Amino acid sequence: MTAERSTPTQDDVLGYFDTLSNWGRWGDDDQRGTLNHITDEVRLAAARTVRHGRSVSCAWEVAVPRDMERSTTTCPCAADMPGAETMPAAFHADRRWGFSHERLGMMFHGNTVTHIDSPCHLYWDGTMYNGRPHTLVDAARGSAWAAVTAAADGIVTRGVLLDVAGARDVPWLEPGEGVSPEDLEEAERRQGVRVRPGDAVLLRTGHGRARREGGADGGFRQAGWHASSLPWLHEREVALIGADTPQDVQPSGYDDVLMPVHAVGLVAMGLWLLDNCDLEACASTAAELGRWDFQLAVAPVRLAGTSGSPVNPIATF
């Protein structure tokens, strides 16, 4: 067991913007932040974690109409569609095929849709990751800095699921319960796994089970990472973190830092975040196979100038 660490004060957390900063670490023009920890060697090692060939999704289905506005057009015979008169003769001759298509609109940031946050998602004192001003983001063009397209080649690395609810022997953590480094190391010990540089760490609080069983609390209250975990994540050189909540424990316990994991993580560290994962299938598969590490693949949509993307993270054991 690791010796108990003291809970950081608000001044300590504010100091993390300096002590945990990755500004300039990979060059003044770096927009990838902690994804730089994922080297070719890390990706090869991640591929070697695949032993069973079983894949599971770590995302929630996007609900219609609650989470997504959707308009579906269906045309049983394409030759009858408006504008078909301008198509070649062969198009009119083939009257057997039809089609459907959709127009979609959604707000993926928030507390329900599984999505990734890129570093431009948050500012602190008007500044983004690596010291860039918030003025690089405008309504017409989006962000010219550290947008989700900085991960256009996808994120493939070793994933590690740390089941803190399981380590505490509870079905789920209650809203307002924060996860500390001691919790993370206890989960490592119980599961026989250790987080390495370049890993993606997925935190199970049990919120997915609570959400299904009707035990999820409403309002701006949730379990999640406590600010005290930030130095641990920095020391372990974690590339990406995810949780089955929107990351930060709420209330955070700090009057002047509402969401320290988001603020310090995105702005100072350049740490990419997977919000609102559904980790129940991943956890049950890991327990069944006796393996808590796997290959994790995340492919953000290449939305130009966007501060994130809805995603479907896939864990392959």
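See the structure printed just above.
The structure contained in this document is the topic of the report that follows.

## Examining the overall build of the protein
Okay, so step 1: Broken down by element type, the protein carries 9 helices and 15 strands.
Okay, so step 2: In summary, the protein has a C-alpha radius of gyration of 21 Å against a globular reference of 20 Å for 317 residues, a match within 12%.
Okay, so step 3: Here the C-alpha coordinates of the protein stretch approximately 75 × 50 × 45 Å along the principal axes.
Okay, so step 4: Out of the 317 residues belonging to the protein, those deemed buried represent 49%.
Okay, so step 5: Counting only contacts in the protein whose residues sit at least 6 apart along the sequence, the fraction spanning at least 24 positions is 79%.
Okay, so step 6: Entry remark: accessible area of the protein is about 14900 Å², with carbon and sulfur atoms responsible for 50%.
Okay, so step 7: Both charge centroids of the protein, one from 28 positive and one from 43 negative side chains, sit 7 Å from each other.

## A few points about the nonpolar core
Okay, so step 1: Ile116, Leu162, Trp225, Leu240, Leu274 and Leu296 are the most contacted members of the largest nonpolar core, which has 66 residues in total.
Okay, so step 2: Among the elements that take part in this core, helix 8 (residues 260-269) stands out by supplying 7 residues, more than any other.
Okay, so step 3: Dropping the residues within four chain positions of it, Leu274 is found in contact with His115, Ile116, Leu202, Leu240, Ile241, Gly242, Ala243, Gln247, Leu296, Val298, Val311 and Pro313.
Okay, so step 4: Cys120, Met128, Ala146 and Ala147 belong to the second-largest nonpolar core, a separate cluster that totals 5 residues.

## Some points on the packing of aromatic side chains
Okay, so step 1: Inspection of every chain in the model, using the stated rule, returns 4 aromatic pairs.
Okay, so step 2: Taking 5.6 Å as the distance between ring centres and 90° as the angle between the ring planes, the aromatic pair formed by Phe91 and Trp97 counts as edge-to-face.
Okay, so step 3: Ring centres of Trp97 and Phe99 lie 6.4 Å apart, and the angle between their planes is 40°; on these two criteria the pair is classed as tilted.
Okay, so step 4: Assessed through its relative accessible area of 36%, Trp97 is described here as partly exposed.
Okay, so step 5: Taken together through their ring pairs, the aromatic side chains of Phe91, Trp97 and Phe99 make up a single cluster.
Okay, so step 6: Here the basic side chain of Arg132 rests over the ring of Trp145, its NZ or CZ set 3.9 Å away from the ring centre.
Okay, so step 7: The ring centre of Trp60 lies 3.7 Å from the NZ or CZ of Arg211, which sits over that ring.

About the criteria used
Residues numbered from 1 in each chain as written. Predicted model: local features only at pLDDT ≥ 70, side-chain atom pairs only at ≥ 80, totals over all residues. Heavy atoms only, no water. Helix = DSSP H or I, 4+ residues; strand = E, 2+ residues; numbered from the N terminus. Rg over C-alpha atoms; globule rule 2.2 N^0.38 Å. Buried < 20%, exposed > 50% of the residue type's maximum accessible area, 1.4 Å probe, protein only. Contact = heavy atoms within 4.5 Å. Areas by Shrake-Rupley, 256 points an atom, 1.4 Å probe, with all protein chains shown as cover. Lys, Arg positive; Asp, Glu negative; His and termini not counted. Charge placed at Lys NZ, Arg CZ, Asp CG, Glu CD. Core = buried A, V, L, I, M, F, W, Y, C linked by side-chain atoms within 4.5 Å. Phe/Tyr/Trp six-rings, centres within 6.5 Å; stacked < 30°, edge-to-face > 60°. Lys NZ or Arg CZ within 6 Å of the ring centre and 35° of its normal.

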